[in-house]
Amino acid sequence: MTVSYTLSFSCPDRAGIIAQVSGAIFEHRGNIRVLNQFNDPDTGLFFMRMAFVTDCTRAELERTLGALAQSLQMKWELRSKDERQRVLLLVSKFDHCLADLLYRTRIGELDMEICGIVSNHPKTALKVTELGAVPFHHLSVGAENRAAQEAQILGLVKDLNIDLVILARYMQILSDSFAAALSGRCINIHHSFLPSFKGAKPYHQAYANGVKMIGATAHYVTADLDEGPIIYQDVEAVSHADMPDDLVRKGRNIEQRVLSRAVSWHLAQRVLMNGNKTVVFWS
Ligand SMILES: Nc1nc2c(c(=O)[nH]1)N[C@@H](CN(C=O)c1ccc(C(=O)N[C@@H](CCC(=O)O)C(=O)O)cc1)CN2
């Protein structure tokens, strides 16, 4: 039976990488459908994303690609089309991004399995009422129990076999160890056009600075608050007449579309980490 796979990887650049990898796929009766690559002159790294179909077994593929990964020092990921990624959503009080992700998943636009919702506020604090069958975990947090609460979240990540954690306006600063544990698989939506206005209340910061554009940024979470590798951003014009509440209102739609697009690209293995940046094969 023919199966569709996506292979994404990065490795130190050298001549012949594409020939070796595409040759290995060919040797396993693979037919390449999409191939994107990028050579970064700054980091000397090579990046590739390949979509292909084959009827050979996954074990055969992994054996060959594993050997190639060793010789080329590849950081690689191979997923088949039917491997839906398991996702945990974290939210605080503002749940417009949560609602949007639930909706887009329900209609099949986001090909992911939402395995749970975690909030530091009770379910009654949410405006979205219809969570379907998604389990809700109220894990309150404060200075006195932060480590224990994060351990509970990581326990859910392990027990539910989570591939991706999404901070859908989760307004708690995560510890260095938590960010490290989820490196490259925890996406946050920050409600400003980073690197402007990091931290809390970015719309109020923007208002105080008289900006004429507001924006949102989806990025991977690192120990450095709102400085993780950027995945996608978008902006919208605002005027002098817009008060902070107007910026919050206008920002909601920007946040929703930025986060959902970033998640969609991550799920499709279009985003590769490149130090403090990303390579995104979005076309
Ligand atoms: N280690 C990281 N943790 C978090 C990141 C990150 O990039 N690295 N992103 C933030 C999200 N965020 C803005 O997008 C953000 C969240 C919270 C705060 C903040 O100052 N929170 C206060 C409490 C606020 C409250 O309780 O309402 C605090 O934690 O003291 C700033 C920015 C998510 N975490």
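Counting restarts for each chain, with residues numbered from 1 along the sequence as it is written. pLDDT decides what is reported in this predicted model: residues at 70 or higher carry local features, side-chain atom pairs at 80 or more are listed and counted, and totals for whole chains, interfaces and linings draw on all residues regardless. Side-chain numbers come from the whole structure's heavy atoms, not from hydrogens or water.

Engineer: Honestly, the sheet that holds strand E7 (residues 136-138) in this entry has me stumped. Any pointers?
Structural biologist: Each strand in a sheet pairs with another by means of backbone hydrogen bonds, the pair being arranged parallel or else antiparallel. Two strands make a pair as long as DSSP finds a minimum of two bridges between them. Strands are runs of DSSP state E lasting at least 2 residues, helices are runs of H or I lasting at least 4, and numbering of each runs from the N terminus. One open sheet accounts for seven strands, arranged E7-E6-E5-E8-E9-E10-E11; its pairing is mixed. Either end of the sheet is taken by a strand with one partner, and the two such strands are E7 and strand E11 (230-237). Neighbour-to-neighbour, the strand axes of this sheet turn through a mean angle of 20 degrees, independent of strand direction. Across seven bridges, strand E5 (residues 85-91) lies against strand E6 (residues 112-119) in parallel orientation. Bridged to Arg-86 within E6 is Glu-113. The strands touched by helix H3 (residues 96-106) within the sheet are E5, E6, strand E8 (164-167) and strand E9 (186-190), with E6 carrying the most contacts at an inclination of about 160 degrees. In what follows, residue pairs with any heavy atoms lying within 4.5 Å of each other are defined as contacts. To define axes, lines are fitted to C-alpha atoms, for helices over the stretch in contact only, and angles between the resulting N-to-C directions are given on a 0 to 180 degree scale. Of the strands in this sheet, E5, E6, E7 and E8 touch helix H4 (residues 146-159), which is tilted by about 160 degrees from E5.

Engineer: Help me understand the UniProt feature "active site" (unreviewed entry) in the protein chain in this model?
Structural biologist: UniProt positions are given in the numbering used here, feature names are shortened, and annotations may be inferred rather than shown by experiment. Mapped onto this numbering, the UniProt entry annotates "active site" (unreviewed entry) at Asp-226. If you trace the backbone, Asp-226 turns up in the loop between strand E10 (213-220) and E11. On the accessibility criterion, Asp-226 (10% relative accessible area) is buried. Not counting the four nearest positions on each side in its chain, Asp-226 is found in contact with Asn-188, His-190, Leu-194, Lys-198, Gly-199 and His-219. Polar contacts, as counted here, are pairs of nitrogen or oxygen atoms within 3.5 Å of one another; within protein the pair requires one atom able to donate a hydrogen and one able to accept it, and residues that are adjacent in sequence qualify only if both atoms are side-chain atoms. A polar atom in the side chain of Asp-226 sits 3.3 Å from the side chain of His-190. Only protein chains enter the accessibility calculation, which uses a 1.4 Å probe; a residue whose area is less than 20% of its type maximum is buried, one above 50% is exposed, and one in between is partly exposed.

Engineer: Help me out: how do you make sense of the UniProt feature "domain: ACT" (unreviewed entry) in the protein chain in this one?
Structural biologist: Within the UniProt annotation, "domain: ACT" (unreviewed entry) is assigned to residues 6-83. As annotated, residues 6-83 has a helix share of 33% and a strand share of 42%, and its two end C-alpha atoms lie 11 Å apart.

Engineer: Looking at this structure, how should I read helix H1 (residues 17-27)?
Structural biologist: Because an α-helix packs 3.6 residues into every turn, residues spaced three or four apart end up facing the same way. Every buried residue belonging to H1 is among Ile-17, Val-21, Ser-22, Ala-24 and Ile-25, and all of these are buried. Seen from one end, H1 has its buried residues packed into an arc of 150 degrees, which puts them on one side. Exposed residues pointing more than 90 degrees away from the buried face of H1 are listed as Ala-19, Phe-26 and Glu-27. Turning to H1, the residues buried within the fold contact strand E1 (3-12), strand E2 (31-40), strand E3 (45-54) and helix H2 (58-72). Along the arc lie the directions from the helix axis toward the C-beta atoms.

Engineer: Just to check I follow, could you spell out the pairing of strand E12 (residues 271-274) for this structure?
Structural biologist: The side chains of a regular strand alternate between both faces of the sheet. Sheet analysis places E12 next to strand E13 (residues 277-280), joined by four bridges and oriented antiparallel. Residue pairing for E13: Leu-272 is matched across the bridge by Val-279.

Engineer: Is there a simple way to think about the packing of aromatic side chains in this case?
Structural biologist: One pair of aromatic rings is described through two measures. These are the centre distance and the angle between the planes. Aromatic contacts are taken between Phe, Tyr and Trp rings whose centres are within 6.5 Å, Trp giving its six-membered ring; a plane angle under 30 degrees counts as stacked, one over 60 as edge-to-face, and the others as tilted. Applying the stated criterion across every chain yields a total of five aromatic pairs. For the ring pair Tyr-5 and Phe-52, a centre distance of 5.6 Å and an interplane angle of 20 degrees mean the geometry is stacked. A residue pair is termed long-range when its members are at least 10 positions apart, and Tyr-5 in strand E1 and Phe-52 in strand E3 qualify at 47 residues. Owing to a relative accessible area of 6%, Tyr-5 belongs among the buried residues under this scheme.

Engineer: Mind showing me how you'd approach the sheet that holds E1 here?
Structural biologist: The sheet built from four strands is open, its strands ordered E2-E3-E1-E4 with antiparallel pairing. Strand pairing shows two members of the sheet lacking a second neighbour, E2 and strand E4 (75-80), which therefore form its edges. Each adjacent strand pair in this sheet contributes to an overall mean axis angle of 10 degrees, direction not counted. Here H1 sits on the sheet in contact with E1, E2 and E3, set at roughly 20 degrees to E3. Relative to E4, H2 is tilted by about 165 degrees, and along the sheet it contacts E1, E3 and E4.

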